[in-house]
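# An overview of the molecular structure
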Amino acid sequence: MTEKTLKIDKGWLTNTRKVVSPHFDARPDPQDISLLIIHYISLPPEQFGSSDIDDFFQGKLDPHRHPYFAEISTLRVSAHCLINRAGEITQYVNFNDRAWHAGVSCFEGREECNDFAIGIELEGSNEQQFTMQQYASLQHLTQVIMQAYPLITKERIVGHCDVSPGRKIDPGQYFDWTRYLQAL
């Protein structure tokens, strides 16, 4: 992927894989996209490379395939994008729509972060480092998002842990904020 091949057209990334999630709705103010939230996810926990995240974000996760899936299969969750371990980006929800990724959340006194945030999931966990390919793709994707949505500045890029403290820890102990932000 090169910088000139990744663009946003009417809320959709060009030249990326798309798996459309039904778990989204309209933003209350589509002009107020002003926060980027970084998450991590692995399904099953600590396992990578399956289609389980796609199934989860589409509401198609088979609760019988893994004990953990029985706990989460009825949740209605999505993110705008996922970056897998190889650095490949999948988009699930149009950036102009509200994905359901942050849950109960607050940023600078403002609750319901999904209303004004873009959510990016990294395939990972709190037990393993992220890959060089993931950082490269995340940095590139962030630059493209910041161009399309100029209210998102470096100061308005946070982890899920920052908007849901005590409830969430992602992107976790191995996420290198300095490495990520310095390249922006």
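Residues numbered from 1 in each chain as written. Predicted model: local features only at pLDDT ≥ 70, side-chain atom pairs only at ≥ 80, totals over all residues. Heavy atoms only, no water.

Before going further, it helps to examine the overall build of the chain. A count of helices and strands for the chain gives five helices and 12 strands. Taken over C-alpha atoms, the radius of gyration comes to 15 Å for the chain, in line with the 16 Å a tight globule of 184 residues would show. Counting all 184 residues of the chain, 50% fall into the buried class. Within the chain, contacts between residues at least 6 apart in sequence are counted, and of these 71% link residues at least 24 apart. For the chain, the exposed area adds up to about 8900 Å²; of that, 50% sits on carbon and sulfur atoms. (Helix = DSSP H or I, 4+ residues; strand = E, 2+ residues; numbered from the N terminus. Rg over C-alpha atoms; globule rule 2.2 N^0.38 Å. Buried < 20%, exposed > 50% of the residue type's maximum accessible area, 1.4 Å probe, protein only. Contact = heavy atoms within 4.5 Å. Areas by Shrake-Rupley, 256 points an atom, 1.4 Å probe, with all protein chains shown as cover.)

Position of Asp55 among the secondary structure elements: in helix H1 (residues 52-57). Through-space distance from the C-alpha of Asp55 to that of Gln129 is 24 Å; in sequence the pair is 74 residues apart. Beyond its immediate sequence surroundings of up to four residues, Asp55 is in contact with Lys60 and Leu61.

What follows covers the layout of surface pockets. Empty space within the largest pocket amounts to approximately 600 Å³. Lining the largest pocket are 28 residues, with Tyr40, Ile41, Phe56, Tyr68 and Lys168 positioned closest to its centre. For the lining of the largest pocket, the secondary-structure elements that each account for two or more residues are strand E5 (35-41), H1 and helix H2 (67-72). Top element by residues in the lining of the largest pocket is E5. It accounts for three residues. Grouping the amino acids of the lining of the largest pocket by side-chain chemistry returns 14 nonpolar, nine polar and five charged. Space inside the second largest pocket adds up to approximately 160 Å³. In terms of lining, the second largest pocket is formed by 13 residues, of which the most central are Arg17, Ser50, Leu82, Asn84 and Thr90. Within the residue set of the lining of the second largest pocket, elements represented by two or more residues are H1 and strand E7 (89-91). (1 Å grid on protein atoms, 1.4 Å probe; cavity = no way out; pocket = protein on both sides within 12 Å on 5 of 7 lines; lining within 4 Å. Points joined across faces, edges and corners; volume = space filled by probe spheres on them. Nonpolar A, V, L, I, M, F, W, Y, C, P; charged D, E, K, R; others polar.)

Strand order across the open sheet formed by six strands is E3-E7-E6-E11-E5-E12, with mixed pairing between neighbours. In this open sheet, the two strands that pair with only one neighbour each are strand E3 (17-18) and strand E12 (157-159). In the sheet, strand E6 (residues 81-83) pairs with E7 via three bridges, with the strands oriented antiparallel. Within the sheet, the bridge partner assigned to Leu82 lies in E7 and is Thr90. (Pairing = 2+ DSSP bridges.)

Okay, the nonpolar core next. Judged by nonpolar contacts, the single largest core of 24 residues is most densely connected at Leu36, Ile38, Ile118, Ile120, Leu141 and Ile145. Elements that contribute at least two residues to this core include exactly E5, E6, strand E11 (117-123) and helix H3 (132-148). Look past the residues within four positions of Ile145 in its chain and what remains in contact with it is Ile8, Leu36, Phe95, Ile118, Ile120 and Ile152. Grouped together as the second largest cluster of nonpolar side chains are 14 residues, Ile53, Phe69, Leu82 and Val93 included. (Core = buried A, V, L, I, M, F, W, Y, C linked by side-chain atoms within 4.5 Å.)

Another point: unusual backbone geometry. Between Leu43 and the following residue, Pro44, the backbone shows a cis peptide bond with an omega angle of -15°. As for its position among the elements, Pro44 is in the loop between E5 and H1. The omega torsion across Asp170 and Pro171 is 15°, close enough to zero to call that bond cis. When you line up the elements, Pro171 lands in the loop between helix H4 (160-163) and helix H5 (177-182). Unlike most non-glycine residues, Glu112 shows phi in positive territory, near 60°. As for its position among the elements, Glu112 is in the loop between strand E10 (110-111) and E11.

Quick look at the pattern of salt bridges now. Note on pairing: side chains with opposite charge can pair once their charged atoms come close. This model, assessed by the stated rule, comprises six salt bridges. The salt bridge involving Arg98 is made with Asp25; its shortest N-O contact spans 2.6 Å. Of this pair, Arg98 sits in strand E8 (residues 97-99) while Asp25 sits in strand E4 (residues 24-26), placing them 73 residues apart in sequence. Exposure remark for Asp25: the relative accessible area of 28% places this residue in the partly exposed category. Between Arg156 and Glu108 there is a salt bridge whose closest N-O contact spans 3.3 Å. Of this pair, Arg156 sits in the loop between H3 and E12 while Glu108 sits in the loop between strand E9 (106-107) and E10, and the two are 48 residues apart along the sequence. For Arg156, a relative accessible area of 18% gives the class buried. (Salt bridge = Lys/Arg side-chain N within 4 Å of Asp/Glu carboxyl O.)

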